[in-house]
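Architecture and fold: a report
Listed below are the residues making up each chain.
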Amino acid sequence: MKYILEIPENKIAFAEEFFKAISFIKKIRAIPSNEITNTSILKSIEDYESKKTTPTPMSLQELKEMINA
């Protein structure tokens, strides 16, 4: 199971030591704000890069209509 916590800059060192002291927590690491962690998005990107899926051609007008539907 994974949890993402938002910790203030001035409390990061304390939080890391706190979580390391808990025996059942296996690993902690900082995740940059621009890193994608959603597994379905990562799978979608991987499928596109390996050419398992192809993008759907769509005009800008069609996209706007889809978003505003």
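Refer to the structure printed above.
Residues numbered from 1 in each chain as written. Predicted model: local features only at pLDDT ≥ 70, side-chain atom pairs only at ≥ 80, totals over all residues. Heavy atoms only, no water.

Some points on the layout of surface pockets
By volume, the largest pocket amounts to about 1200 Å³. What lines the largest pocket is a set of 26 residues, among which Y3, I4, I28, R29 and I31 lie closest to the centre. Elements represented by at least two residues in the lining of the largest pocket include exactly α1 (12–21) and α2 (39–49). No other element matches α1, which puts four residues into the lining of the largest pocket. Grouping the constituent residues of the lining of the largest pocket by class yields 15 nonpolar, three polar and eight charged. (1 Å grid on protein atoms, 1.4 Å probe; cavity = no way out; pocket = protein on both sides within 12 Å on 5 of 7 lines; lining within 4 Å. Points joined across faces, edges and corners; volume = space filled by probe spheres on them. Helix = DSSP H or I, 4+ residues; strand = E, 2+ residues; numbered from the N terminus. Nonpolar A, V, L, I, M, F, W, Y, C, P; charged D, E, K, R; others polar.)

Overview of the environment of A30
Note on placement: A30 falls in the loop between α1 and α2. Exposure remark for A30: the relative accessible area of 65% places this residue in the exposed category. The spatial distance from the C-alpha of A30 to the C-alpha of E16 is 9.5 Å, given a sequence separation of 14 residues. (Buried < 20%, exposed > 50% of the residue type's maximum accessible area, 1.4 Å probe, protein only.)

Some remarks on the packing of aromatic side chains
The tally for this structure, following the rule as stated, stands at two aromatic pairs. Seen in terms of ring centroids, F14 and F18 are 6.2 Å apart; in terms of plane orientation they differ by 20°. Their pairing is stacked. Residue F14 and its partner F18 are located together in helix α1, separated by four residues, close to a single helical turn. Taking the centre distance of 5.3 Å and the plane angle of 70° together, the rings of F18 and F19 count as edge-to-face. An aromatic cluster is present here, built from F14, F18 and F19 joined pairwise through their rings. (Phe/Tyr/Trp six-rings, centres within 6.5 Å; stacked < 30°, edge-to-face > 60°.)

Side note on the environment of I67
Within the element layout of this structure, I67 appears in helix α3 (residues 60–67). I67 gets classed as exposed once you look at its relative accessible area, which sits at 63%. Sequence separation of I67 and K52 is 15 residues, and the distance between their C-alpha atoms is 25 Å.

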